Amino acid sequence: MNKKLVSISLVCILLLSIFAGCSSKNGSEKTTADNSSSDNSSTSESTTTEKMSDELTATQPGTQPPTTTTQAPPEGLPADLNGKKLLAITFDDGPSKYTYDLIQELNNRGAKATFFMVGSRVSTFPDTIKFMKESGHELGSHTFNHKNIKKASDDEVRSEMTQTDDALMTVVGQKSIVFRPPEGSYSAEKLALIDKPCIMWSVDPLDWKIKDEQAVHDKIMANATDGSIILLHDLYPTSIAGGLRAIDELIAQGYVFVTVSQLLERNGQQAENQKPYFSEKPAAV
Ligand code: NI
């Protein structure tokens, strides 16, 4: 009888120690995974890890899904920007030969921007787009051929989006995060085909038309308010020079330039796919 009790006790102790070992092992793996996902900033190493992790999952069914995908989540709004006056400046139709220097100027000012790129131009400016991503600016899609999606067929819309994201994947291993329709033209039916938020704007200096540095600057200064999304094009030196002057003055007034996704997150919600956004004012207190 005593011998039997001892045996049962031994089995219990053995089982308990196995369970304890398992749970502590799981705990440490989870901590590692959390650390790697919070480190998922704009480094090329993390992208490589994401790609490898995707491939691993694809070839080993039944393994844990990756915590991140190649459609990187938008960078969150840093906590210290809560309550600040925020602006999002956006550049369409590039990249161009001016974009690399523009990124450097933005970096010098601590300003973040969002670039809505035409996919057919992406392979011409790989270093520019790498620099853009490494600097923490946001990658946006403006279709592959600057196509009016409202007039395009469903297949054309899908193809325009896929081709652009494929081009970006080739260059920086990441798809675009947000979308802007060329000519600002869209319909709910076409947006339903696009798995990204649709970013419009609230400040439009018509820089492509006026091509005048002073006028671009003046129109931004006259119309930008907390939560505005400003539209410019990185194809014209006048747009870039006027935009940078306005950025300097707005920073001096206490504004902080963030990416579109960060701006849209200011009131505690992430931007929704297929939904158009024009600005994001601070929530009424
Ligand atoms: Ni455009």
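Above this text is the structure in question.
Not measured: the values here are computed from a predicted model.

## Considering the coordination of the nickel ion
In step 1: Around the nickel ion, the protein contributes the donor atoms Asp93 (OD), His142 (NE2) and His146 (NE2), which lie 2.1 to 2.2 Å from the metal centre.
In step 2: In primary-sequence terms, the residues that donate to the nickel ion follow D-x48-H-x3-H.
In step 3: You can call His142 buried: its relative accessible area is 2%.

## Examining the side chain of His233
In step 1: Here His233 lies in strand S6 (residues 229-233).
In step 2: Since its relative accessible area comes to 8%, His233 is described here as buried.
In step 3: In this structure, His233 is in contact with Phe91, Asp92, Asp93, Asp207, Trp208 and Ser239, ignoring residues within four places of it in sequence.

## Here we look at the pattern of salt bridges
In step 1: This structure, assessed with the given rule, holds nine salt bridges.
In step 2: A salt bridge links Glu156 to Lys147, with the shortest nitrogen-to-oxygen separation between them at 3.6 Å.
In step 3: Judged by relative accessible area, Glu156 falls into the partly exposed class, the value being 33%.
In step 4: Lys190 is paired through a salt bridge with Asp154; the nearest N and O atoms lie 2.7 Å apart. Note that Lys190 is positioned in helix H7 (residues 188-191) and Asp154 in helix H6 (residues 154-172), a separation of 36 residues in sequence.
In step 5: You can call Lys190 buried: its relative accessible area is 12%.
In step 6: The partly exposed category is assigned to Asp154, whose relative accessible area is 35%.
In step 7: Connected via shared salt-bridge partners are Glu105, Arg109 and Asp248.

What counts and what doesn't
Residues numbered from 1 in each chain as written. Predicted model: local features only at pLDDT ≥ 70, side-chain atom pairs only at ≥ 80, totals over all residues. Heavy atoms only, no water. Donors = N, O, S within 2.8 Å, 3.2 Å for Na, K, Ca; no water. Buried < 20%, exposed > 50% of the residue type's maximum accessible area, 1.4 Å probe, protein only. Helix = DSSP H or I, 4+ residues; strand = E, 2+ residues; numbered from the N terminus. Contact = heavy atoms within 4.5 Å. Salt bridge = Lys/Arg side-chain N within 4 Å of Asp/Glu carboxyl O.

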